[in-house]
Amino acid sequence: MVDIAVIDYGMGNLRSVHNALSAVAPDASIVVTGDPDVVAQAGRVVFPGQGAMPDCMRELDMRNLRNAVLDAAHNKPFLGICIGLQMLFERSTEGDVPCLGVLPGQVVRFGHDLHDAEGNRLKVPHMGWNQVHYSDGHPLWQGIAQDERFYFVHSYYVQPSQVALVQAESNYPLPFVCAVARDNLFAVQFHPEKSHTAGLQLLKNFASWNPV
Amino acid sequence: MLAKRIIPCLDVTAGRVVKGVSFVELRDAGDPVEIARRYDDQGADELTFLDITATSDDRGIIFRIIEEVARQVFIPLTVGGGVRQVEDVRNLLNAGADKVSINTSAVVNPQLIADASARYGSQCIVVAIDAKQVAPGHWEVFTHGGRKATGLDAVQWALKMQKLGAGEILLTSMDRDGSKIGFDLPLTRAVSDALEIPVIASGGVGNLQHLVDGVKQGGADAVLAASIFHYGEYTVQQAKQFMAQQGIEVRL
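Everything quoted here is computed from the prediction, not taken from an experiment. (Residues numbered from 1 in each chain as written. Chains lettered and ligands numbered in written order. Predicted model: local features only at pLDDT ≥ 70, side-chain atom pairs only at ≥ 80, totals over all residues. Heavy atoms only, no water.)

**Section: the overall build of chain A**
So, step 1. Helix and strand counts for chain A stand at six helices and 15 strands.
So, step 2. Here the C-alpha atoms of chain A give a radius of gyration of 16 Å, agreeing with the 17 Å that 2.2 N^0.38 yields for 212 residues.
So, step 3. Considering chain A as a whole, with its 212 residues, one finds that 58% of them fall into the buried category.
So, step 4. Taking the intrachain contacts of chain A between residues at least 6 apart in sequence as the baseline, contacts between residues at least 24 apart amount to 70%.
So, step 5. Total accessible area computed for chain A in this model is approximately 8,100 Å², and 48% of it derives from carbon and sulfur atoms.
So, step 6. Across chain A, 14 positive and 21 negative side-chain charges occur, with their mean positions spaced 4 Å apart. (Helix = DSSP H or I, 4+ residues; strand = E, 2+ residues; numbered from the N terminus. Rg over C-alpha atoms; globule rule 2.2 N^0.38 Å. Buried < 20%, exposed > 50% of the residue type's maximum accessible area, 1.4 Å probe, protein only. Contact = heavy atoms within 4.5 Å. Areas by Shrake-Rupley, 256 points an atom, 1.4 Å probe, with all protein chains shown as cover. Lys, Arg positive; Asp, Glu negative; His and termini not counted. Charge placed at Lys NZ, Arg CZ, Asp CG, Glu CD.)

**Some remarks on the pairing of strand β12 (residues 222-225) of chain B**
Residues in a regular strand point their side chains to alternate faces of the sheet.
Residue and element names in this part refer to chain B.
So, step 1. Judged by which residues are buried, β12 turns out to be covered on both faces: A222 and L224 on one side and V223 and A225 on the other are all buried.
So, step 2. The pairing of strand β11 (residues 199-202) with β12 spans two bridges and is parallel. Across the sheet, residue A201 finds its bridge partner in β12, namely V223.
So, step 3. On the question of chirality, the crossover connecting β11 to the parallel β12 by way of helix α8 (residues 208-216) is right-handed. (Pairing = 2+ DSSP bridges. Right-handed = clockwise from strand over helix to strand, strands pointing away.)

**Notes on the interface of chain A and chain B**
So, step 1. Taken together, the contacts link 36 residues of chain A with 41 residues of chain B.
So, step 2. When chain A packs against chain B, the two sides together hide about 3,100 Å² of surface, and 50% of this comes from carbon and sulfur.
So, step 3. Area buried by chain A at its contact with chain B is led by A:K123, A:M127 and A:W129, which between them contribute 23% of it.
So, step 4. The tally of links between chain A and chain B comes to four salt bridges.
So, step 5. One salt bridge connects A:R109 with B:E196, and the closest N-O pair in it is separated by 3.7 Å. (Buried area = accessible area lost by both parts, 1.4 Å probe. Salt bridge = Lys/Arg side-chain N within 4 Å of Asp/Glu carboxyl O.)

**Considerations on the pairing of strand β10 (residues 168-173) of chain B**
Residue and element names in this part refer to chain B.
So, step 1. Counting buried residues along β10, six of its six residues qualify, which places the element largely inside the surrounding structure.
So, step 2. Side chains of β10 alternate between two faces, with E168, L170 and T172 and I169, L171 and S173 buried alike.
So, step 3. One ladder, built from six bridges, connects strand β7 (residues 125-135) with β10; its direction is parallel. Its bridge partner being in β10, I129 is matched across the sheet by L171.
So, step 4. The pairing of β10 with β11 spans four bridges and is classified as parallel. From the neighbouring strand, L170 faces β11, where its bridge partner is I200.
So, step 5. The handedness of the β10 to β11 crossover, carried by helix α7 (residues 185-194), is right-handed.

See below:
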């Protein structure tokens, strides 16, 4: 019995995700897998990702993983990370491709000429440690301070069309959504596996989360 | 808002962390895994490992070090040195690196940057540029650990790397490296202003004010330093507190 399946669709390095989950859930059986059957049988699912949206969607379908992801996103504890958050929405302006459509809304790019209040240029990708302001007491924020910093690296962000989905926001320089949740699903733009103690706490919370 | 990053750099050869002056005169600083853990405890935002091993025989050592560090340290890890082909990028990522830094091979084969970023994403491709001033306001790119002139203008080269898919630039002033007199601020400013992607300033840090100057005057998104941390002059935490006192947003 696999406790946690980390979905591998060939985009990017999942070693970090596996290392971090192993650190917070040492007794759990954790596998990195591209096998839809293993995903279907796992107790909980992590959906990570790196790279460009058109490639991610193509690779996911080439490996016949779409249905396994859709099923998990509706039926068991599910954690999306970075592109794994973005892919849940309906459409991305990155390559102008349709995504999985689990959640209503779209994925858009940061502007090309961003500046902070002092006039300094803000670089894209948004890379580094930024503050996360969460909106309510979701179990996955347990033990994590309000406005704690997490590690981000991305050029696109999600725009949910339902306010109720929004779990947290960050600023660059304007507020953008960096975490969403619905029922058994939680998804974040930042990388908890690379966010030191706060990130490990979030993963630990996920590993024991029992959504009703 | 986004914090400016402080990145301790570990130059590794034969399984040890070393540091030289102007790319020569190496001095032992200790065990890489132990040092990585110490900087992680002190609040480092990322760690960079540069494999400066001269012979290919010892290449396996860096993989074992990265595997060991990645199991214990949960912040981004960048690894560079000797990366020549897409397969080298893959092997380092599989060992636990989050980003791979490419220097000489980007000049020898610029297509490597396009291929590697297309395959693994721009976010994990760092192009390292070693630059030396050749005239006021002009800097030339050097390769092979600073031994070989390329004739390339550093700002133009950085722009080309951005276009090919680099996610970040690690910019080292050869004139300042190991000097402890501060970053080459005009160089840092020129490259940072020209690019949309983040720039890490490197080379020359001797005190905490230099880190502040790199951000405020150089416009760097991150600052990299080695010897001020290795030999116990300052902790990463002290550096961050000093930067925060100077009004720079950092992760404390």
